[in-house]
Amino acid sequence: PPVPVYVGVATAIAARRAARLGLPLFADSTMNVAELREMLGAYNEAAADAGVSAPASHALQRDVFVTDDLERDWAMLLPELRYMRRQYGGWSFPQEPSETLPAYLLRLEADIEAKLKNLIIGDAAHVAARLGEFEALGFGLIVCRSQFGNLPRESLHRAFEGLGRVRERVSR
């Protein structure tokens, strides 16, 4: 079979460009459900306008952590996630030329908090259900990122074993 080619997107504008070529999307992990719906709507509209058949499904990346002890692992994950989002946010969410530093930092923190809500964390049943919601939106490939390098190895091993249980649930 041919190698699938996806176009990484984080905006409706980028989705429109991909749609005109009939290329499937690989949606950014920081997009919330409302942003994903908007992006898919823009994609479908642009594909229709261009007379292009839209692909059957798209791809999505999500930060995922499977746990059977939500309180323990959330307390451990939160500082790591905030650190990661500050690093990415500083790069992808620049200060506007007329924006004061205090105003920028408030805007950056608000964006960080909003993006933290995209993390899928919970037991295998909860994670599988959330992935099913994205499948219903039109995402047939979901890349579960567990990039939490500063966490203890045993925590990461438990989370990866949990992804195996999620796979069993979504494969049914």
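Right above here is the structure, for reference.
Rules used in this analysis
Residues numbered from 1 in each chain as written. Predicted model: local features only at pLDDT ≥ 70, side-chain atom pairs only at ≥ 80, totals over all residues. Heavy atoms only, no water. Helix = DSSP H or I, 4+ residues; strand = E, 2+ residues; numbered from the N terminus. Contact = heavy atoms within 4.5 Å. Areas by Shrake-Rupley, 256 points an atom, 1.4 Å probe, with all protein chains shown as cover. Axes fitted to C-alpha atoms, helices over the stretch in contact; angles between N-to-C directions. Left-handed = near helix turned anticlockwise from the far one by under 90°. Nonpolar A, V, L, I, M, F, W, Y, C, P; charged D, E, K, R; others polar. Parallel < 35°, antiparallel > 145°, perpendicular 65-115°, else oblique. Expected span 1.5 Å × (residues − 1). Buried < 20%, exposed > 50% of the residue type's maximum accessible area, 1.4 Å probe, protein only. Arc of directions from axis to C-beta. Polar contact = N/O pair within 3.5 Å; in protein donor to acceptor, adjacent residues only side chain to side chain. Core = buried A, V, L, I, M, F, W, Y, C linked by side-chain atoms within 4.5 Å.

In terms of helices and strands, the chain carries six helices and five strands. Scanning the chain from its N terminus toward the C terminus, one meets helices and strands in the order β-α-β-α-β-α-α-β-α-β-α. Its C-alpha atoms put the chain at 55 × 50 × 25 Å along the principal axes. Put simply, 70% of the contacts in the chain that link residues at least 6 apart link residues at least 24 apart. About 9,900 Å² of surface is accessible on the chain, with carbon and sulfur atoms providing 56% of the total.

Our focus in this paragraph is the packing of helix 1 (residues 12–20) against helix 2 (residues 33–50). Closest axis-to-axis distance for the helix 1/helix 2 pair is 8 Å, and the angle between their directions is 30°. Crossing geometry of helix 1 relative to helix 2 is assigned as right-handed. Contacts from Ala12, Ala15, Arg16, Ala18, Ala19 and Arg20 in helix 1 reach Glu38, Met39, Ala42, Tyr43, Ala46, Ala47 and Ala50 in helix 2. Among the residues forming the contact of helix 1 with helix 2, the class breakdown is ten nonpolar, no polar and three charged.

This part is about the packing of helix 5 (residues 124–137) against helix 6 (residues 153–170). Packing of helix 5 against helix 6 leaves a shortest axis separation of 9 Å and a crossing angle of 55°. In terms of orientation, helix 5 and helix 6 fall into the oblique class. The chirality of how helix 5 crosses helix 6 is right-handed. Residue-level contacts link Ala124, Ala125, Val127, Ala128 and Leu131 of helix 5 to Gly162, Arg165, Val166, Arg169 and Val170 of helix 6. Considered class by class, the residues forming the contact of helix 5 with helix 6 number seven nonpolar, one polar and two charged.

Here we come to helix 2. In this model helix 2 runs 25 Å from its N-terminal to its C-terminal C-alpha over 18 residues, within 8% of the 26 Å that 1.5 Å per residue would give. Those residues of helix 2 that sit buried are Leu36, Met39, Leu40, Ala42, Tyr43, Ala46 and Ala47. When helix 2 is viewed along its axis, its buried side chains cluster within an angular range of 160° and face the same direction. The outward face of helix 2, more than 90 degrees from its buried face, is lined by the exposed residues Ala34, Arg37, Glu38, Glu45, Ala48 and Asp49. At the N-terminal boundary of helix 2, the capping side chain belongs to Asn32, with an oxygen 3.0 Å from the backbone nitrogen of Ala34.

Moving on to the nonpolar core. General note: in soluble globular proteins, nonpolar side chains tend to be found buried as a group. Formed by 26 residues in total, the largest nonpolar core has its most connected members in Leu25, Leu36, Met39 and Phe139. Among the elements of the structure, helix 1, strand 2 (25–27), helix 2, strand 3 (58–66), helix 5 and helix 6 are those that each provide at least two residues to this core. Broken down by element, the residue count for this core peaks at six residues, all from helix 2. Beyond its immediate chain neighbours, meaning those up to four positions away, Leu36 contacts Ala27, Met31, Leu60, Arg62, Phe134 and Phe139.

This part takes up the side chain of Arg130. Of note, Arg130 is situated in helix 5. Taking relative accessible area as the criterion, Arg130 reaches 18% and is therefore assigned buried. The residues contacting Arg130, other than those within four sequence positions of it, are Leu119 and Ile120.

Moving on, we get to the environment of Glu109. Here Glu109 lies in helix 4 (residues 101–116). Accessibility expressed as a relative area gives 28% for Glu109, which makes it partly exposed. The sequence separation of Glu109 and Gly51 amounts to 58 residues, and the corresponding C-alpha distance is 41 Å.

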